[in-house]
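# Structure at a glance
What follows is each chain in one-letter form.
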Amino acid sequence: SIYASVNSGATGVTNILRLEADGAASPGFSQTENINNFVQTLRLLPGGKVLVGGDFTAPAVRLFRLNADGSRDTGFDVGTGPTVTSGTQPSVRAI
């Protein structure tokens, strides 16, 4: 399971935490990028990668991808990110 906006006091994670089946924090997942605003959606992708979307501008604008170990996938770049205008929601499809 993947969770966002975790209280970092006990777990030592910044914003995203992967849990094992027993509820323990996954020792093989270390997400250290500081996300500067709300994470609104997480999508677990094949191979363990994680698509992260939300209302943030760092470490990327609105959308970025993590590798299975929690590091940022620098090969995934959406430039300035999707644009949201009043009254609409962006449509994002993972490929």
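Model, not experiment: these values are computed from the prediction.

Moving on: the overall build of the protein. In terms of regular secondary structure, the protein is built from 1 helix and 5 strands. Counting helices and strands in the order they occur from the N terminus, the protein gives β-α-β-β-β-β. Out of the 95 residues in the protein, the part that is buried amounts to 28%. Within the protein, counting contacts between residues at least 6 apart in sequence, those at least 24 apart form 22% of the total. As displayed, the protein has an accessible area near 6000 Å², and 48% of this comes from carbon and sulfur atoms.

As a further point, take the confidence of the model for the protein. On average, residues of the protein score 79 in pLDDT, and 74% of them reach the 70 mark or higher. Put simply, helix α1 (residues 8-11) is where the protein has its lowest mean pLDDT, 51, and strand β5 (residues 63-66) is where it has its highest, 93.

In space, the 3 strands of this open sheet follow the order β3-β4-β5, with antiparallel pairing throughout. Looking at strand neighbours, the two that pair on one side only are β3 (39-44) and β5, the edges of this open sheet. Adjacent strand axes in the sheet meet at a mean angle of 20 degrees when their direction is disregarded. Two strands pair when backbone bridges link them, and strand β4 (residues 50-54) and β5 are joined in this way by 4 bridges, in the antiparallel orientation. Looking at the pairing, V50 lines up with L66 of β5.

Let us now look at the pattern of salt bridges. Tallying each qualifying case throughout the model produces 2 salt bridges. One salt bridge in this structure joins D73 and R65, with 2.7 Å as the shortest N-O distance. For R65, a relative accessible area of 17% corresponds to the buried category. Within this structure, K49, R65 and D73 form a network of salt bridges that share partners.

Note: β3 against β4, 5 bridges, orientation antiparallel. Residue pairing in the sheet places L42 in a bridge with V52 of β4.

What counts and what doesn't
- Residues numbered from 1 in each chain as written.
- Predicted model: local features only at pLDDT ≥ 70, side-chain atom pairs only at ≥ 80, totals over all residues.
- Heavy atoms only, no water.
- Helix = DSSP H or I, 4+ residues; strand = E, 2+ residues; numbered from the N terminus.
- Buried < 20%, exposed > 50% of the residue type's maximum accessible area, 1.4 Å probe, protein only.
- Contact = heavy atoms within 4.5 Å.
- Areas by Shrake-Rupley, 256 points an atom, 1.4 Å probe, with all protein chains shown as cover.
- pLDDT = per-residue confidence, 0-100.
- Pairing = 2+ DSSP bridges.
- Axes fitted to C-alpha atoms, helices over the stretch in contact; angles between N-to-C directions.
- Salt bridge = Lys/Arg side-chain N within 4 Å of Asp/Glu carboxyl O.

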